[in-house]
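Structure at a glance
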Amino acid sequence: MSANEKGDSTRVVGAGRRKQWTQGIVNTPVWRASTILYDSVADLRASGASDTHHRLFYGRRGTPTQWSLADALTELEPGAEATFLYPSGVAAIAAALLSVLSPGDELLLVDSAYDPSRGIANTLLKRMGITTRFYDPLIGAGIAELIGPATRAILMESPGSLTFEVQDVPAICAAAKARGVVTLLDNTWATPLFFPAIQHGVDLSILACTKYVVGHSDVMLGSVTAAPGHFSKLRDTSFQLGQVASPDDAWLGARGLRTMAVRLRQHQASALRIAEWLATRPEVSRVLHPALPSCPGHEIFARDFKGSSGLFSFVLNGGDDAARAALIDGLEHFGIGFSWGGFESLALPVDPARHRTATRRDDAGPIVRLQIGLEDTDDLIADLDAGLARFRAHVF
Ligand SMILES: Cc1ncc(COP(=O)(O)O)c(C=O)c1O
């Protein structure tokens, strides 16, 4: 860290708190609005005719509450131009893709992507005459060979949120830039604190803020942070789609953000300890955690990332769906549910082989994904130990 570069905790505490928005109190309050009132007809007309960025115009274009969080996320991405907020992570992914793709274009999409991202490509984009080719997450600079005359965008997710392959984002971005292709990254797992995406060459950095930014499993929210030159198209498309995150949700997002660095540090430490413990267990064939050498792309993680978060998977040594369910069903401290990034631990059965089209998986047994929360690690390990005993009783 250079002398004038601030640490992560300092940055998340201060980001986006402009005095004109906070009005002198600590947190930017909830400014709810649909109608904005003007002093005169001339005033109203002048307002519509000029750029409304960070200016009250109509509720759909936001208020200081949304601008404050958007600004904070921009500040956390060195080199970024600006950020647009969305009512969910999926809304952010869809708007970002629609801002860069037109009929006749081709999208390259990583085969390890979050399933709803595949869904957008295989249904909505397909209907619009946009084709998608899926690629191996470990392709690296080899992506250059897939870029054809119609390729317009590449959507990466690194690591993949089920199987955690780490992609060579800088190499993919360099190949894309050389051919005028726009790069998008779902950076939800690392957040800009652990992977400053725009610094690594990404054009549009996407977060499901629902996860670590909000951090409390009670709000849906998404964001796209744009590199210079990519924001105005993103904003225009998002306005045309009528996208607006509610001020209340943005406020909760900003509130969550203030503790994100400290939460991530704890998620990191607890998840690493549990992943390392699982790696010693005979019931476990492989731990898919980017910070462990057993994870595909680990060397790229070690080169590019500043830390790891709380989500990873492990592959069981044999067994079937029933044995996996026996492990998960009896867990005391792990909820069973979608999503992640909150303060509480979760366990989820995942079956990535079902979704793959460009790569094959050859796993020794079923896979469990864990979101490691902020509980005491000893309690979580004892819980998983009992779960593995239930698994053993099923299998052996
Ligand atoms: C990697 C990843 N990206 C995007 C999303 C979508 O976010 P949201 O649930 O806010 O739509 C999720 C949700 O689970 C996710 O895991």
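On a predicted model such as this, the values are computed, not experimentally measured, just so you know.

**Structural notes on the overall build of the protein**
Each helix and strand counted, the protein has 14 helices and twelve strands in total. Expected size for 396 residues packed as a compact globule is a radius of gyration near 21 Å; at 22 Å, the protein falls within 12% of this value. With respect to the three principal axes, the spread of C-alpha positions in the protein is 80 × 50 × 45 Å. For the protein, the residues scored as buried account for 56% of the 396 residues in total. In the protein, once contacts between residues fewer than 6 apart in sequence are set aside, the share between residues at least 24 apart is 74%. Within the structure as shown, the protein displays about 16300 Å² of accessible surface, and the carbon and sulfur contribution to it stands at 53%.

**Side note on the site of the ligand**
Lining the immediate environment of the ligand, one finds 13 residues, of which Gly89, Val90, Asp186, Thr210 and Lys211 sit closest. Lys211 is positioned with one of its side-chain polar atoms (N or O) 2.7 Å from an oxygen atom of the ligand. A distance of 2.9 Å separates an oxygen atom of the ligand from a polar side-chain atom of Trp340. Considered on its own, the ligand offers 390 Å² of accessible surface; in the complex 92% of this is hidden by protein. The pocket occupied by the ligand, as judged from atoms lying within 2 Å of grid points, is the largest pocket. Among the elements that take part in the shell around the ligand, helix α5 (residues 89-100) stands out by supplying three residues, more than any other. Residue classes in the shell around the ligand are distributed as six nonpolar, four polar and three charged.

**Examining the nonpolar core**
Leu97, Leu107, Ile154, Met156, Leu184 and Leu257 are the most contacted members of the largest nonpolar core, which has 88 residues in total. Looking at which element gives the most residues to this core, the answer is α5, with eight residues. Discounting chain neighbours no more than four positions away, the residues touching Met156 are Val110, Tyr135, Gln167, Val169, Ile172, Cys173, Thr183, Leu184, Leu185, Asp186 and Val202.

**So, the packing of helix α11 (residues 260-279) against helix α14 (residues 377-395)**
Here α11 crosses α14 at 30 degrees, and the two axes come no closer than 10 Å. One way to sum up the angle between α11 and α14 is to call them roughly parallel. Between α11 and α14 lies a crossing of right-handed hand. Residue-level inspection shows Ser270, Arg273, Ile274, Trp277 and Leu278 of α11 in contact with α14, the latter providing Thr377, Asp378, Leu380, Ile381, Leu384, Asp385 and Leu388. Considered class by class, the residues forming the contact of α11 with α14 number seven nonpolar, two polar and three charged.

**What to know about the sheet that holds strand β6 (residues 204-207)**
Taken together, the seven strands give an open sheet; going across it, the order is β1-β7-β6-β5-β4-β2-β3, and neighbouring strands pair in mixed fashion. Edge strands, defined here as strands with exactly one partner in the open sheet, are β1 (82-86) and β3 (131-135). Across this sheet, the average inter-strand angle for adjacent strands is 20 degrees, counted without regard to direction. Across four bridges, the pairing between strand β2 (residues 106-110) and strand β4 (residues 151-157) is parallel. Across the sheet, Leu109 pairs through a bridge with Leu155, a residue of β4. Against the sheet, helix α7 (residues 169-178) makes contact with β3, β4 and β5 (182-186), and its axis sits at roughly 175 degrees relative to β4, the strand it touches most.

Reading the values: rules and limits
- Residues numbered from 1 in each chain as written.
- Predicted model: local features only at pLDDT ≥ 70, side-chain atom pairs only at ≥ 80, totals over all residues.
- Heavy atoms only, no water.
- Helix = DSSP H or I, 4+ residues; strand = E, 2+ residues; numbered from the N terminus.
- Rg over C-alpha atoms; globule rule 2.2 N^0.38 Å.
- Buried < 20%, exposed > 50% of the residue type's maximum accessible area, 1.4 Å probe, protein only.
- Contact = heavy atoms within 4.5 Å.
- Areas by Shrake-Rupley, 256 points an atom, 1.4 Å probe, with all protein chains shown as cover.
- Near = heavy atom within 4 Å.
- Polar contact = N/O pair within 3.5 Å; in protein donor to acceptor, adjacent residues only side chain to side chain.
- 1 Å grid on protein atoms, 1.4 Å probe; cavity = no way out; pocket = protein on both sides within 12 Å on 5 of 7 lines; lining within 4 Å.
- Sits in = over half its atoms within 2 Å of the grid points.
- Nonpolar A, V, L, I, M, F, W, Y, C, P; charged D, E, K, R; others polar.
- Core = buried A, V, L, I, M, F, W, Y, C linked by side-chain atoms within 4.5 Å.
- Axes fitted to C-alpha atoms, helices over the stretch in contact; angles between N-to-C directions.
- Parallel < 35°, antiparallel > 145°, perpendicular 65-115°, else oblique.
- Left-handed = near helix turned anticlockwise from the far one by under 90°.
- Pairing = 2+ DSSP bridges.

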